[in-house]
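# Per-entry structural report
Listed here are the chains, written in short residue letters.
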Amino acid sequence: MKSLQRQGCYKLHQITKFITGNIIGHPYLLIKAKKSTRIINHCLSEVSIRTVSTASIHHRKYVTVLLSAIQGTKYSNGHRGWLFKQSVKLFSTDTMCENQSDVKELSKLWTKKFEEIGVSEPQTSAELIIAHALGKKMMHEVPTEYTVDLSTNLVIQELCQRRLQRVPVQYIIGEWDFHDLVLKMKEPVFIPRPETEELADFVCDYIRSNNLQNGKFLDIGCGSGAISLHVLNSFKTITGVAIDKHNHACDLTKENARNLGLNKRLNVYQIDIFQKDTVEKLQEYLPFDVVISNPPYIPTLDIDNLEPEVERNYWTVLLSTIQGTKYSDGHRGWLNKQSVKLLSTGTLFENQSDVKELSKLWTKKFEEEGVSEPQTSAELIIAHALGKKMLHEVSPECTVDLSTNLVIQELCQRRLQRVPVQYVIGEWDFHDLVLKMKEPVFIPRPETEELADFVCDYIKSKNLQNGKFLDIGCGSGAISLHILNSFKTITGVAIDKHNHACDLTKENARNLELNKQLNVHQIDIFQKDTVAKLQEYLPFDVVISNPPYIPTLDIDNLEPEVERYESRDALNGGKDGLDVVRQILYLAPQFLSVGGQIWLEVYLDEPEMIKELVKENKSIKYLTTLKDFTKRDRFCVLQVQ
Ligand SMILES: C[S@@+](CC[C@H](N)C(=O)[O-])C[C@H]1O[C@@H](n2cnc3c(N)ncnc32)[C@H](O)[C@@H]1O
């Protein structure tokens, strides 16, 4: 520490002292540190805390640190709980284009930025991202008078930052068109190319001309399911089997099939056609009428000889020179005339096929790069790539082939960029439910499992098993889905300000087959028509919320997050942290009948502030405060009277 003081880092010295002395017992500690990430890392290393992001280094400005000193995990093996015992997040300050609320201007600014950095298709990228953040597909669908509020602006910024890192726009917006179907896109599943639309068309012509409309097809290497789904969508009586070597592709094909209501006619299997039992596995469907495939077809030598990427010497670049787009407006077509996809070739640990050794190597790499929870990160990612939840589920004799190794590498690279492992593996546990996780939707924390438990106890004790609840700020749907999973006759309404959260809640509800009990609506509770929009469900028996509750000052001074983190709207609670809470309390008497309860998760001294807030309130009574597992006052129970 002394050397830092000599460097004029007295402030950081103070911060380190403060962290050391105060971190235990504080759920969130926000610090603004006017030094580079490297120096902050140095400070933090003194107290065994690591930054979760260092990508801000290229900004070299003011980096701020959000320390969430969440203690340990009480979860048994098999439950992934909260990863970061003491997680540290970095935000960047001068938020690019933050004051620009005019959609067109914002689009111009981002186009310029993309151009400067050499991002391909700069204008299309900017327009698609902005349209997406505004809940539209194409920019021309956004009304010209539309203005972008700060929080949407931050979402746009988060997404554009990913584009600046050359993430294909299809992964960023999470969907892409294949003919007239909109398919979900997820890294690292192959993004369908326009030539493949032509292949699918030729196949459809063949099916029609040979009267195979009641037949059966096999799609080998289905990826996102594009070919299969186009064929199924073209012929209402045809059936198909789609296979892929990778679980992530099969999962995405299934998800796309479900979303498009085509799943009843499609069977999807994880099959590597080099496995000896391939024919046996497909026996029940044989014979097929047609086999379709857009297989991997680039000669290995062409991949091996490519230049290593500038930043990381083990990355190489595969240029796929796909020409132009033949599509009309409204169809997003193929974005990149010359798209650059990053593949890894002479890659890290490519020859290591032993799972345990690979896990050790990645753990070491993470440690070296200062990634928090290095071992857990490595194990979760490797297990995930092998189609398992935890590494101990992978049999010790399992060996990792080259392509799986490359998938592991792609995912680990994201972790090296400090993307939370929950977003990297795309899922996380909430109690015994496995929920899909997608950036920038809030990752549920273990305290919230406690809130959900308390609410379930309350429901049981008041015999509300046939009742109705409202979950305000549902995020990934964690609280609602736990309650619905606990009581088979209860129904719920989950609302969130953001479409991305509502979409994820719906997806999680569907995956867990809890969607019949849950209605999800995109509602910002500050909108005047909130009660009107929920009219058909009123009154609720209980209102639950884990609202954004961090005071703005703690957040506003922060740089926007450079990497890919959670939505700022999930954190920012206004000046004193209670803006959203106040609005919930204002609305609660209109949502609940007399005696109905409000259960809130809050932060630090907020329970006392809330108590004060309702002191004079004739319609709401403060009942009690409950503690979280670190013995801090975190949950407020109030009642409408
Ligand atoms: C802390 S997160 C909680 C997410 C989820 N309930 C959980 O516990 O994992 C808060 C959520 O509130 C949503 N939110 C913020 N302001 C809101 C508003 N005015 N109206 C509705 N939802 C809001 C955010 O988008 C975010 O998803």
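As the structure is a prediction and not an experimental result, all values here were calculated from the model.

Helix and strand counts for the chain stand at 23 helices and 20 strands. Buried positions account for 55% of the 641 residues belonging to the chain. Pairs at least 24 apart in sequence give 68% of the contacts found in the chain among residues at least 6 apart. Accessible surface computed for the chain: about 28000 Å², of which carbon and sulfur atoms make up 50%.

Contacts to the ligand come from 19 residues, most closely from Gly 473, Asp 496, Asp 524, Ile 525 and Asn 546. Between Cys 474 and the ligand, the recorded distance is 3.4 Å, taken from a backbone N or O atom to a nitrogen atom. In this structure, Ile 525 approaches the ligand through a main-chain N or O atom, which is 3.1 Å from a nitrogen atom. The fraction of the free accessible surface of the ligand (590 Å²) that becomes covered by protein chains is 97%. Taken together, the residues that form the shell around the ligand break down as 10 nonpolar, five polar and four charged.

Averaged over the chain, the pLDDT score is 76; the fraction of residues at 70 or greater is 73%. Here residues 300–346 is a poorly scored stretch, pLDDT under 50, and it has 118 contacts once near neighbours within four places are set aside; other chains count. Low confidence marks residues 557–564, where pLDDT is under 50. Its contacts with residues over four positions away, or in another chain, come to 50 contacts.

On to the nonpolar core. Residues Trp 362 and Ile 483 are the most contacted members of the largest nonpolar core, which totals 59 residues. When residues are assigned to domains, this core turns out to be shared by domain 3 (355–416) and domain 4 (433–640), each giving three or more. Core analysis: the second largest hydrophobic core is formed by 52 residues, Ile 130, Met 138, Ile 172 and Ile 227 among them.

Quick look at the pairing of strand E5 (residues 181–184) now. Burial along E5 is one-sided: Leu 181 and Leu 183 are buried, while Val 182 and Lys 184, pointing the other way, are not. When strand E4 (residues 175–178) meets E5, the two strands line up antiparallel, connected through four bridges. Residue pairing in the sheet places Trp 176 in a bridge with Leu 183 of E5. As consecutive antiparallel partners, E4 and E5 are separated by two residues, and within that stretch His 179 has a phi angle of approximately 50°, a positive value.

A few words on the environment of Val 142. Among the structural elements, Val 142 can be located in the loop between helix H5 (122–133) and helix H6 (150–164). Along the backbone, Val 142 and His 132 are 10 residues apart, and their C-alpha atoms lie at a distance of 9.8 Å. Discounting chain neighbours no more than four positions away, the residues touching Val 142 are Val 103, Ala 131, Leu 134 and Lys 136.

With that settled, the discussion passes to the packing of aromatic side chains. Think of a pair of aromatic rings as described by two things: how far the centres are apart, and how the planes are tilted against each other in angle. Inspection of every chain in the model, using the stated rule, returns eight aromatic pairs. Here a set of aromatic residues connected by ring pairs shows up, and it is made of Tyr 537, Phe 540 and Phe 591.

Further remarks concern the sheet that holds strand E8 (residues 266–270). Spatial ordering of the open sheet is given by E8-E7-E6-E9, a layout of four strands whose pairing is parallel. Pairing within the sheet leaves two strands with one partner each, and these edge strands are E8 and strand E9 (290–293). Strand-to-strand twist in this sheet, taken as the mean axis angle between neighbours without regard to direction, amounts to 20°. Direction of pairing for strand E6 (residues 216–220) relative to strand E7 (residues 239–244): parallel, over a ladder of five bridges.

A word on the sheet that holds strand E15 (residues 491–496). Spatially, E16-E15-E14-E17-E18-E20-E19 is the arrangement adopted by the seven strands of the open sheet, whose pairing is mixed. The open sheet terminates on both sides in strands that have one partner only, identified here as strand E16 (518–522) and strand E19 (620–627). Between one strand axis and the next, the sheet turns through 20° on average, direction left out of account. Bridge analysis of E15 against E16 gives five bridges, and the strand direction is parallel. Looking across to E16, one finds that Ala 494 is bridged to Val 520. Contacts from helix H18 (residues 478–486) reach strand E14 (468–472), E15, E16 and strand E17 (540–545), with the element oriented near 160° to E14.

Here we come to the packing of helix H13 (residues 355–368) against helix H14 (residues 374–385). Interhelical geometry of H13 versus H14 gives an angle of 135° and a closest axis separation of 8 Å. Our classification of the angle between H13 and H14 gives oblique. Crossing geometry of H13 relative to H14 is assigned as right-handed. Taken together, the residues of H14 that come into contact with H13 (itself represented by Val 355, Leu 358, Ser 359, Trp 362, Thr 363, Phe 366 and Glu 367) are Pro 374, Gln 375, Ser 377, Ala 378, Glu 379, Ile 381 and Ile 382. Residue composition of the contact of H13 with H14, by class: eight nonpolar, four polar and two charged.

With that out of the way, let us pick up the side chain of Glu 255. Topologically, Glu 255 is positioned in helix H10 (residues 247–259). Since its relative accessible area comes to 2%, Glu 255 is described here as buried. Once residues within four sequence positions are removed from consideration, Glu 255 is found in contact with Lys 184, Lys 186, Lys 436, Lys 438 and Glu 507.

Let us look at the pattern of salt bridges. Taken as a whole and assessed by the stated rule, the structure comprises 25 salt bridges. A salt bridge links Asp 277 to Lys 281; the shortest N-O distance between them is 3.8 Å. A relative accessible area of 35% means that Lys 281 is categorised as partly exposed. Measuring nitrogen to oxygen at the nearest pair gives 3.5 Å for the salt bridge that ties Lys 615 to Glu 612. Each of Glu 447, Glu 601, Asp 628, Arg 632 and Arg 634 takes part in salt bridges that share partners, so that together they form one network.

Here we come to the environment of Pro 551. Its place among the elements puts Pro 551 in the loop between E17 and helix H21 (552–556). Along the chain, Pro 551 and Lys 575 lie 24 residues apart, while their C-alpha atoms are 5.2 Å from each other. Beyond its immediate stretch of four places on either side in the chain, Pro 551 contacts Asn 572, Gly 574, Lys 575, Asp 576, Gly 577 and Tyr 603.

If you trace the backbone, Thr 404 turns up in helix H15 (residues 402–416). The buried category is assigned to Thr 404, whose relative accessible area is 10%. Along the chain, Thr 404 and Lys 245 lie 159 residues apart, while their C-alpha atoms are 9.4 Å from each other. With sequence-adjacent residues up to four places away left out, Thr 404 is seen in contact with His 246, Ala 385 and Leu 386.

What follows covers unusual backbone geometry. Residue Glu 187 is joined to Pro 188 through a cis peptide bond whose omega torsion reads 0°. In this model, Leu 538 is joined to Pro 539 through a cis peptide bond whose omega is -10°. Along the chain, Pro 539 falls in the loop between helix H20 (530–534) and E17. Even without being glycine, His 431 reaches a positive phi, approximately 50°. Locating His 431 in the fold gives a position in the loop between strand E12 (427–430) and strand E13 (433–436). Phi at Glu 513 is positive, roughly 55°, even though this residue is not glycine. When you line up the elements, Glu 513 lands in the loop between helix H19 (499–511) and E16. Residue Glu 513 is classed as exposed on the basis of its relative accessible area, which comes to 68%.

Calculation criteria
- Residues numbered from 1 in each chain as written.
- Predicted model: local features only at pLDDT ≥ 70, side-chain atom pairs only at ≥ 80, totals over all residues.
- Heavy atoms only, no water.
- Helix = DSSP H or I, 4+ residues; strand = E, 2+ residues; numbered from the N terminus.
- Buried < 20%, exposed > 50% of the residue type's maximum accessible area, 1.4 Å probe, protein only.
- Contact = heavy atoms within 4.5 Å.
- Areas by Shrake-Rupley, 256 points an atom, 1.4 Å probe, with all protein chains shown as cover.
- Near = heavy atom within 4 Å.
- Polar contact = N/O pair within 3.5 Å; in protein donor to acceptor, adjacent residues only side chain to side chain.
- Nonpolar A, V, L, I, M, F, W, Y, C, P; charged D, E, K, R; others polar.
- pLDDT = per-residue confidence, 0-100.
- Core = buried A, V, L, I, M, F, W, Y, C linked by side-chain atoms within 4.5 Å.
- Domains from an automatic or database assignment.
- Pairing = 2+ DSSP bridges.
- Phe/Tyr/Trp six-rings, centres within 6.5 Å; stacked < 30°, edge-to-face > 60°.
- Axes fitted to C-alpha atoms, helices over the stretch in contact; angles between N-to-C directions.
- Parallel < 35°, antiparallel > 145°, perpendicular 65-115°, else oblique.
- Left-handed = near helix turned anticlockwise from the far one by under 90°.
- Salt bridge = Lys/Arg side-chain N within 4 Å of Asp/Glu carboxyl O.

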